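Per-entry structural report
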Amino acid sequence: MGQFGIGQPIKRFEDQRLLRGEGRFHNDVNLPGQTHAVLVRSTHAHARIRSIDTAAALASPGVVAVFTGADLARDNLGTMQMTLKRKRPDGSPMFASPHRGLTADRVRYVGDPVAMVIAETLAQAEDAAERLRIDYEPLPSVTSTAEAIGGPAVWDECADNVSNLFESGDKATTDAAFAKAHRVVRRRYVITRVHAQYMEPRGALGVWDPGEERYTLYADVQYPHRVRTALASNIFKVPEHSIRVIAGDVGGGFGTKGWQYPEHRLVLWAAKKIRRPVKWACERREAIPADEHARDNVTEAELALDAEGRFLGLRAKTLANVGAYVSSDRNLLATFSNVVTLVGVYAFPVAHVEVLSVLTNTNSTAPYRGAGRPEATYVLERLIDDAGRELGLDPVELRRKNLIPASAMPYKTPLGVSYDCGDFPKNMEDALKVADVAGFAARREASRARGLLRGIGIVNAIERAAGPQPEFAEVRFSPSGTATILMGSKNQGQNHETTFKQILHERLGIDPKDVRYIDGDTDRVAFGMGTMGSRSTVIGGTALWMAADKVIAKGKKIAAKMLEAAEADIAFSDGRFAVAGTDRGLTLREVARAAFQPPQLPPGVEPGLYETGTFSPKQDTWPNGCHVCELEIDPDTGVVTLDRYVVIDDVGTVINPVTLKGQIHGGVAQGVGQALLEQIVYEPESGQLLTSSFMEYAMPRADTFCDMHIESNPVPTRLNPMGAKGAGEAGTVGALPVVINAVMSALAPLGVRDLDMPASSERVWRAIQDAASATR
Ligand code: MCN
């Protein structure tokens, strides 16, 4: 409805401010009397701390304080708490290992925080930090996922390094299906460890107000309210109203800025101790050692097929590297999501999956764009291509034969979830046409004539988004009739101001310039769960829709009195209350103004117009789509060049086709980055981090990509009044497998049987050389 309503391709309202450099990111916030903190981090993967000598650091110019784990322990700060109840394979309770903020006795990864130095200036804090003397006794370490079990114990209390086992599906029926299968295809796939690489590295600024006895944390977090709850309930053990969390503009979050990091509690605790604001701003070179990492697992997967190529069952065993500390449920979230979409969009009668979470001397892993679904889709879609090659079947035909038809919706999968709607075959057929897959053979020939190898990948992806957790929205009118929306979700770049103003315009017809948008402040917004799991549009948007419905309901009562009509005769549309069958009516703005004037109100109607909505969906939405990627490889150098990339996606009702494309594009870019370039590498013997800066950690750039063609095939869901499904992560889910499948399609004719990501030029070149020497 209207020029700004749902479905309109309008440009982002927030861009004016952001592009003029008038955003308020973490490093834009500075307070009078502020001090600067530097975190001193472990240089060892695993070591006992024999002693810490703070004397020289304390004597350094400008130093205000130096704190260690012993100081924290004296003040009895709490730790994060797990609510997940999982077991280890032997039935004993899950092993969790929350971080204490500063490590006092034993460091467990390169980057583990050991001390905090606070000084008048950042340079003074950095100089003093270098004078801190920490005497370490190095211990053997393990960083590799595959070698975690049986490696040196990260925790003495957990000798085998197995934190827990998560299982789904039916083992007995799956084993039976495999026993009678015509063919079984087995493969092992490795998903590398990566870092989110936000535009603005993390930060935290802590303030203590002695008069109010209250902490304020300025930090770039994705869930301000839940960070407040965690700090209040778990760490400081104070009422929630004693803490305020403010997140301004966030320069990218991608999942790993989600939760409560040690630095948050440290700056608050220190601010109270020194009675001055304390600011920590992570430098780019500190980010990889300091932040949660993502992905990092190894899967043994098996596909059972009948003689016609129909899927009979899927079996997978995954080792998921959760790092040294399992501090909260979040550190295990991807291990759950990894499982639920493993059967993808295919009609598997049975499946059984096990995920063992293993501890290593590495940073904790946490949800990162897709959080388990890219990993699951990678395993399944690679396995299908490998099965096609092994059995001599066309990979498209193999997929076509096994896709769940639209007529089977709602569809319950053998892994215990239900897809409510979607048309997977249409996605794939449309994508094949748009990408001109029929013309691939001729293009491959043309590439060959130029001395290049050409490959194609075609994958179907499904995403689990907007799960059943509540979200909050408020619409507040002022006496002059303009409105403010206050959202419990937190924008980190996903266009929330634009999206929510569009949804409000759809429902109430208000001009976006008459609406102010607020999020990210626990004092101003009553409640929120925050932004993750592609939930803000679906859940926050529906909460806003509900609040708008309440505005309409109250407005009808007021309009009825003003128009001297019965409430039942008042209709609302296009921002106007009207008496049915007449031309008498009032704008919402007029009614909103009247709401603040008691004489205008009918008996029993409270003055004012501020309404809230809190929505909790019954189940997840299932965005889905088909990705096609074509690329060329130069066999002399191993360089991979993307040539075409097509996405046909179904995110239900599209709120804004322009911002949606931006989200899919960004998501694909993040997946392509991991598939081709990005990887965190540890030196196996020492556990040293070898990729801690952009000199060693390769990021994609604009010229890594080709044009992306993105189209929608919307099948609206009935799970919310807008018909929308989540979209923020969807692009990443398909991108990991489609790129590697395309690389393999180019290399398989040379005899390359397997290749793990990233498909860097060196790895591709080596794979070509190895295949050539094997056939020589
Ligand atoms: N949209 C739409 N129609 C739909 C659904 C979404 O037009 N049916 C558009 C809207 O513009 C909406 C945007 O897509 O604002 C994202 O919507 P949604 O799927 O609700 O995702 P969230 O806003 O909850 O964002 C979370 C998601 C996640 S989980 C990660 S990780 C991620 C992502 O978004 N992190 C991002 N995209 C990111 N983009 C930026 N720039 N920065 C991040 O940190």
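Check the entry above for the structure.
Residues numbered from 1 in each chain as written. Predicted model: local features only at pLDDT ≥ 70, side-chain atom pairs only at ≥ 80, totals over all residues. Heavy atoms only, no water.

1. Observations regarding empty space enclosed by the protein
Condition: In the cavity and pocket records, a cavity denotes points on a 1 Å grid over the protein atoms alone where a 1.4 Å probe fits but cannot get out, a pocket denotes an open set with protein on both sides within 12 Å along at least 5 of 7 lines, and lining residues are residues with an atom within 4 Å of a point. Grid points are joined across faces, edges and corners, and a volume is the space filled by probe spheres set on the points. Note on conventions: DSSP H or I runs of at least 4 residues are helices, E runs of at least 2 residues are strands, and numbering of each starts at the N terminus. For this classification, the nonpolar set comprises Ala, Val, Leu, Ile, Met, Phe, Trp, Tyr, Cys and Pro, the charged set comprises Asp, Glu, Lys and Arg, and every other residue, Gly included, is treated as polar.
Using the criterion set out here, one finds four cavities of 30 Å³ or more in the structure. For the largest cavity, the lining is made up of 20 residues, of which Tyr261, Pro262, Glu292, Ser327 and Ser364 are closest to its centre. At three residues, the largest contribution of residues to the lining of the largest cavity is made by helix 7 (residues 262-274). Broken down by class, the residue content of the lining of the largest cavity amounts to eight nonpolar, seven polar and five charged. Approximately 100 Å³ is the volume attributed to the second largest cavity. Along the wall of the second largest cavity there are 17 residues; nearest its centre are Arg295, Asn321, Ala334, Thr335 and Thr365. Counting only elements with at least two residues in the lining of the second largest cavity, the list comes to strand 13 (294-305), strand 14 (311-323) and helix 9 (330-340). For the lining of the second largest cavity, the leading source of residues is helix 9, giving seven residues. The class makeup of the residues in the lining of the second largest cavity is seven nonpolar, six polar and four charged.

2. Examining the environment of Ala307
Rule in force here: Burial status follows relative accessibility: with a 1.4 Å probe on protein chains alone, a residue under 20% of its type maximum counts as buried, one over 50% as exposed, and anything between as partly exposed.
For Ala307, the location among the structural elements is in the loop between strand 13 and strand 14. Under the relative-accessibility criterion, Ala307 is labelled exposed at 54%. For the pair Ala307 and Ala181, spaced 126 residues apart in sequence, the C-alpha separation works out to 8.3 Å.

3. A word on unusual backbone geometry
Residue Pro410 is bonded to the preceding Met409 through a cis peptide linkage, with omega at -5°. Within the element layout of this structure, Pro410 appears in the loop between helix 11 (395-402) and strand 16 (411-412). A cis geometry characterises the amide bond from Met757 onward to Pro758, with omega recorded as -5°. Mapping Pro758 onto the fold places it in the loop between helix 18 (730-747) and helix 19 (761-775). A positive phi angle, near 60°, is found at Arg295, a position not held by glycine. Position of Arg295 relative to the elements: it lies in strand 13. Under the relative-accessibility criterion, Arg295 is labelled buried at 6%. If you check the backbone angles, Asp574 has positive phi at about 50° while not being a glycine. Since its relative accessible area comes to 57%, Asp574 is described here as exposed.

4. Quick look at the site of the ligand
Keep this limit in mind: Here a residue is near a molecule or strand as soon as one of its heavy atoms is found within 4 Å of it. The term polar contact refers here to a pair of N or O atoms within 3.5 Å; inside protein, the definition further demands a hydrogen-donor-capable atom paired with an acceptor-capable atom, and it admits residues adjacent in sequence only when both atoms are side-chain atoms. For accessible areas, the Shrake-Rupley method is used with a probe of radius 1.4 Å. Any residue's cover is judged against the shown protein chains and nothing else.
Around the ligand, the surrounding shell holds 32 residues, and the nearest of these are Gly253, Gln494, His496, Thr537 and Ala727. Between His496 and the ligand, the recorded distance is 2.5 Å, taken from a side-chain N or O atom to an oxygen atom. Taking 850 Å² as the accessible area of the ligand by itself, protein coverage stands at 96%. Elements supplying a minimum of two residues to the shell around the ligand: helix 14 (496-508), helix 15 (536-562) and helix 17 (657-676). Sorting elements by how many residues they give to the shell around the ligand places helix 17 first, with three residues.

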